[in-house]
Amino acid sequence: GVVRLLSRTNQLLPRHFAQLVKYNGETQKGSTVPCTNGIQLEIPANALENPTTKLAPTGNVEIALSTINLNVGNQMPGDYSATDQGGNAKSMESYGSGSVEIRSGNQRFKLKPGMEATMRIPVDATQLAGGATPPPTIPFLYYDEKTGVWTQDGVATLTGSGASAAYVKKIKHFSTMNADILKSGQSCVAVEVDPAAGFTLPFDVEVTLPPSVVNPNVIQVRT
């Protein structure tokens, strides 16, 4: 609870707090949330191009890799709405997520047509701590910024086990990506605020999600 409270003020505070008190991630159930590696990306030589000029970069590029913490609710874009390969509306439960952006100054670079990079997304610590069994293959999704919905793009394959478990997928473009199981029967939660209650707007609502049927011991929090 202290860690979550600190994260609302500054995302860097939980790390400093953990170092000061030697917090090791123990939950009320006594399990330990491991510290896993972040996402990894392998790009073949001569694979990048300017989408406008179709020219390769002439110098160094900046590569931003961001690994999403599933237990910090404001890191994941969207509202967990997704569509499968058939275009059917689904909801998703993530096993790991991250984003990639490559640029030089204000210019973004993408993969050349026909080129593929290898994306490796570690199984998130929340799933590991809950004792989830990662499936051998899992739907792979990317976030569509225009629609605000996650869209399936094939499947990713599990490699390794335990803290080394990760999902690997060949990708053809850079974006925010996810390894998720897809579920149906999703519903929305609406919060109605009584004007007479004197709340100061805006404010945050923290929701603790009950375990899913698939992973009965995995508990996640959304803000």
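Look up: the structure comes first, before these words.
Peer 1: Could you give an account of the overall build of the protein chain, with specific residues and numbers?
Peer 2: Looking only at helices and strands, one finds three helices and 14 strands in the protein chain. Taking all 223 residues of the protein chain together, 32% fall into the buried category.

Peer 1: Help me get a handle on the nonpolar core, residues and values and all.
Peer 2: Ranked by size, the top nonpolar core spans 25 residues in total, and within it Val100, Met119, Ile171 and Phe174 carry the most contacts. If sequence neighbours within four positions are ignored, phenylalanine 174 has contacts with Leu41, Ile43, Leu48, Val100, Ile102, Phe109, Lys110, Leu111 and Ala117. Residues Ile68, Met76, Met92 and Tyr143 belong to the second largest nonpolar core, which totals nine residues.

Peer 1: Pulling in residues and values, what's your account of the side chain of asparagine 50?
Peer 2: Its location among the elements puts asparagine 50 in the loop between β2 (48-49) and β3 (62-67). Overall, asparagine 50 belongs to the buried group, its relative accessible area being 9%. When neighbours within four sequence positions are excluded, asparagine 50 is seen to be in contact with Leu55, Gln107 and Phe109.

Peer 1: An account of the pattern of salt bridges is requested, with residue identities and associated values reported.
Peer 2: For the coordinates displayed, the defined rule picks out four salt bridges. A salt bridge links glutamate 49 to lysine 54, with the shortest nitrogen-to-oxygen separation between them at 4.0 Å. Between glutamate 101 and arginine 103 there is a salt bridge, and its shortest N-O distance comes to 2.8 Å. Residue glutamate 101 is classed as partly exposed on the basis of its relative accessible area of 26%.

Peer 1: Give me a nonpolar patch on the surface: which residues, what numbers.
Peer 2: Together, Val189, Val191, Val193, Phe199, Leu201, Phe203, Val205, Val207 and Leu209 make up a nonpolar patch on the protein surface, roughly 780 Å² of accessible area in all. Along the chain, valine 207 turns up in strand β13 (residues 207-209). Judged by its relative accessible area of 33%, valine 207 falls in the partly exposed class.

Peer 1: How would you summarise the pairing of strand β5 (residues 89-104) if you had to cite specific residues and measurements?
Peer 2: By the bridge criterion, six bridges tie β3 to β5 in an arrangement that is antiparallel. Considered in β5, the bridge of leucine 65 is made with valine 100. In sequence, strand β4 (residues 81-83) turns back onto β5 through a hairpin of five residues, with glycine 87 there showing a positive phi of about 85 degrees. The sheet contact formed by β5 and strand β12 (residues 176-183) spans eight bridges and is antiparallel. Residue pairing for β12: glutamate 93 is matched across the bridge by isoleucine 181. Where β5 lies against strand β6 (residues 107-108), two bridges are found, and the strand directions are antiparallel. Paired with arginine 103 across the bridge in β6 is arginine 108. Taking the residues between adjacent antiparallel strands as the criterion, β5 and β6 are bridged by two residues, where glycine 105 takes a positive phi near 65 degrees.

Peer 1: Lay out the pairing of strand β8 (residues 117-122) in plain terms, naming residues and giving numbers.
Peer 2: Across the six residues that make up β8, a large majority, five, are buried. Relative to β8, strand β1 (residues 40-42) runs antiparallel, the two sharing three bridges. Opposite glutamine 40, over in β8, you have arginine 120 as the bridge partner.

Peer 1: Can you explain the packing of aromatic side chains? Please cite residues and give values.
Peer 2: Scanning all chains against the criterion turns up three aromatic pairs. With 6.4 Å between their ring centres and 85 degrees between their planes, tyrosine 95 and tyrosine 167 make a pair best called edge-to-face. With tyrosine 95 in strand β5 and tyrosine 167 in strand β11 (residues 166-171), the pair connects residues that are 72 residues apart, well separated along the chain. Judged by relative accessible area, which is 1%, tyrosine 167 ranks as buried. Residues phenylalanine 199 and phenylalanine 203 carry aromatic rings whose centres are separated by 5.2 Å and whose planes lie at 25 degrees to one another, so their mutual orientation is stacked.

About the cut-offs
Residues numbered from 1 in each chain as written. Predicted model: local features only at pLDDT ≥ 70, side-chain atom pairs only at ≥ 80, totals over all residues. Heavy atoms only, no water. Helix = DSSP H or I, 4+ residues; strand = E, 2+ residues; numbered from the N terminus. Buried < 20%, exposed > 50% of the residue type's maximum accessible area, 1.4 Å probe, protein only. Core = buried A, V, L, I, M, F, W, Y, C linked by side-chain atoms within 4.5 Å. Contact = heavy atoms within 4.5 Å. Salt bridge = Lys/Arg side-chain N within 4 Å of Asp/Glu carboxyl O. Patch = residues over 30% accessible without salt bridge, like charges linked within 9 Å, V, L, I, M, F, W, Y side chains within 5 Å. Areas by Shrake-Rupley, 256 points an atom, 1.4 Å probe, with all protein chains shown as cover. Pairing = 2+ DSSP bridges. Phe/Tyr/Trp six-rings, centres within 6.5 Å; stacked < 30°, edge-to-face > 60°.

Shape is all these values report; function is a separate question.
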